[in-house]
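# A closer look at the structure
For reference, the chains in residue letters:
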Amino acid sequence: MKFSAVYIERAIAEHELTQRIIARVSETPVITIDRYGEVFNRAGQNFRIQKRAPALILAKKHGKTVLPAPEGYGFEQGRGFYFSHMLNCLYDCRYCFLQGMYRSAHYVLFVNYEDFMAGIDAEALSHDEGTVFYSGYDCDSLAMEPISAFCESFIPFFANRPASILEVRTKSTQVRQLLDFQPIDNCVVAMSFTPEAASKRWEHKVPNLSKRLQAMKKLQRSGWKIAVRFEPVIGEAGVEAEYERLFSQTFSALSADELHSVSLGEFRLPAQFHKNLVKLYPDEDLLARETVQHDGMLSLAAGGEALLEALEDRLFSYVDRSRYYRCA
């Protein structure tokens, strides 16, 4: 895993995780900074250009480390929260809202995991019902595991907190660290999938479907709870037949009866983020398509309720409805 440079905040220069990471990227230039915003929030940056050779920024997360999950984001099994130990993703999906949200394509890794853990404990203690904590909202949870040691740190933490659930959302095949652990009942590894044709067109640098299904198969056979997220659904001619093939491929590899959950969610993002994406990729067909807007959120006119219902009808021939939810 290569970076153009590693920026390190002075405040966490001696942090244990910082020192581990520096040892792993010893041939990369290291630059000391005061706050990550000096680099990450600088004006005049171009996400598209930076994506070719991003840097890694090691920083300390200040303020709230755990936030309420957006309505409809996840499965209903308790109060939902998300935490972002990292900003930005190794992959380069054209539809990704992160490119419309951030000025920079550099990766920010917050190394003060202990503060995230304190925030998780505080939220869990303040609610009588169960709590679900989602990672992978502003990044891919597993893709940088050899550097971030995210699972290495958080799986043992959640193993000691059985009343709280962790969802690790990813498109990565980096499951070796998980396979080294004894599976825990309160961790769900959720993989996002789109049909092969869509993945080849828009999900740059993402491992192919076969490799990701094999990674999930290994986890399922090892006793881990796994989930499947069919999103984002992008409506266009022939998409129902493509999803039929995807469902067949997925449930030929994975045991549907042993899945934690399955979801569908259509392509949608804040309207301003879409405008920013259009500026970055003016020639991208996906971003030039007819859209509809509701309450500041934008989706494709070719999608909508009719398409989701048609896909649900096909999906339910493979998966029991009790395991399904629609991601809003």
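Before reading on, note that the structure itself is shown above.
The sections below set out a description of the structure shown in this document. The shown structure was predicted, so the numbers you read here are calculated from the model rather than taken from an experiment. Along every chain, residues carry numbers that run from 1 in the direction the sequence is written. The predicted origin of the model limits local features to residues at a pLDDT of at least 70 and limits the giving and counting of side-chain atom pairs to 80 or more, whereas totals for whole chains, interfaces and linings rest on all residues. Each side-chain value is worked out from all heavy atoms of the structure, with water and hydrogens disregarded.

Secondary structure elements follow DSSP: runs of H or I no shorter than four residues count as helices, runs of E no shorter than two count as strands, and numbering proceeds from the N terminus. For the protein, the count of helices and strands is 13 helices and 18 strands. Every radius of gyration here is taken over C-alpha atoms, with the globule rule written as 2.2 Å times N^0.38, N being the number of residues. Taking 328 residues into account, the globule formula puts the C-alpha radius of gyration at 20 Å, and the protein, at 20 Å, falls close to it. Oriented by its inertia axes, the alpha-carbon framework of the protein measures out at about 55 × 45 × 35 Å. Accessible area is worked out with a 1.4 Å probe on protein chains only. A residue is then buried under 20% of its type maximum, exposed over 50%, and partly exposed in between. Looking at the protein as a whole, 55% of its 328 residues qualify as buried. Two residues form a contact once any of their heavy atoms are found within 4.5 Å. In the protein, the proportion of contacts linking residues at least 24 apart, taken out of those at least 6 apart, comes to 78%. In this description, accessible areas are obtained by the Shrake-Rupley approach with a 1.4 Å probe, and a residue is regarded as covered only by the protein chains that are shown. Roughly 14800 Å² of accessible area belongs to the protein as shown, and the carbon and sulfur atoms make up 46% of that amount. Of note, the protein has its 38 positive side-chain charges centred 6 Å away from the centre of its 42 negative side-chain charges. When charges are counted, neither His nor the chain ends are considered; positive counts come from Lys and Arg and negative counts from Asp and Glu. A charged residue contributes its charge at one atom only: NZ of Lys, CZ of Arg, CG of Asp or CD of Glu.

This next bit is on the environment of Ala163. Within the fold, Ala163 resides in the loop between α7 (150-159) and β10 (164-170). Taking relative accessible area as the criterion, Ala163 reaches 63% and is therefore assigned exposed. Taking C-alpha positions, Ala163 is 7.5 Å from Asn186, a pair spaced 23 residues apart along the chain. With residues up to four places along the chain from it excluded, the contact list for Ala163 reads Gly130 and Thr131.

Moving on, we come to the sheet that holds strand β14 (residues 261-266). Each pair of strands is called paired provided DSSP finds at least two bridges between the two strands. Taken together, the eight strands give an open sheet; going across it, the order is β4-β5-β9-β10-β11-β13-β14-β18, and neighbouring strands pair in mixed fashion. The sheet terminates laterally at β4 (67-68) and β18 (324-326), the two strands that pair on one side only. Across the sheet, helix α10 (residues 209-221) lies against β11 (187-193) and β13 (225-233), angled at about 165 degrees from β11, the strand it touches most. All axes are obtained by fitting lines to C-alpha atoms, using only the stretch in contact for helices, and the reported angles, taken between N-to-C directions, cover 0 to 180 degrees.

For the rest of this paragraph, the subject is the environment of Tyr113. By the secondary structure assignment, Tyr113 is in helix α5 (residues 113-125). On the basis of relative accessibility, which here comes to 4%, the residue Tyr113 falls in the buried class. Taking the C-alpha atoms as reference points, Tyr113 and Ile184, 71 residues apart in sequence, are found 20 Å from one another. Not counting the four nearest positions on each side in its chain, Tyr113 is found in contact with Leu17, His85, Ser148, Ala149, Phe150, Ser153 and Phe154. A 3.5 Å cut-off defines polar contacts: any pair of N or O atoms within that distance qualifies, except that in protein one atom must be a possible hydrogen donor and the other a possible acceptor, and neighbouring residues in sequence count only when both atoms are side-chain atoms. Separated by 2.8 Å, the side chain of Tyr113 and the backbone oxygen of Ser148 make a polar contact.

A few words now on the pairing of strand β2 (residues 30-33). Strand direction decides the pairing type here: strand β1 (residues 6-9) and β2, joined by four bridges, are parallel. In the strand pairing of β2, Glu9 is matched with Ile33. Chirality of the crossover, the property in question, places the unit of β1, helix α1 (residues 16-24) and β2 among those that are right-handed. With the strands pointing away from the viewer, any crossover whose connection runs clockwise from the first strand over the helix to the second is right-handed.

What follows is about the packing of α5 against α7. Running from N to C, α5 and α7 cross one another at 30 degrees; their axes reach a closest spacing of 11 Å. As the angle between them shows, α5 and α7 are arranged roughly parallel. α7 is crossed by α5, and the crossing has right-handed handedness. Counted together, Tyr113, Phe116, Met117, Ile120 and Asp121 of α5 and Phe150, Ser153, Phe154, Phe157 and Phe158 of α7 form the full contact between these two elements. Residues belonging to the contact of α5 with α7 are distributed by class as follows: eight nonpolar, one polar and one charged. By the definition adopted for this analysis, an angle is roughly parallel if under 35 degrees, roughly antiparallel if over 145, roughly perpendicular if from 65 to 115, and oblique otherwise. In a left-handed crossing the near helix is turned counterclockwise from the far helix by less than a right angle, and in a right-handed crossing that turn is clockwise. Residue polarity is assigned by list, with Asp, Glu, Lys and Arg as charged and Ala, Val, Leu, Ile, Met, Phe, Trp, Tyr, Cys and Pro as nonpolar; anything else, Gly included, falls into the polar class.

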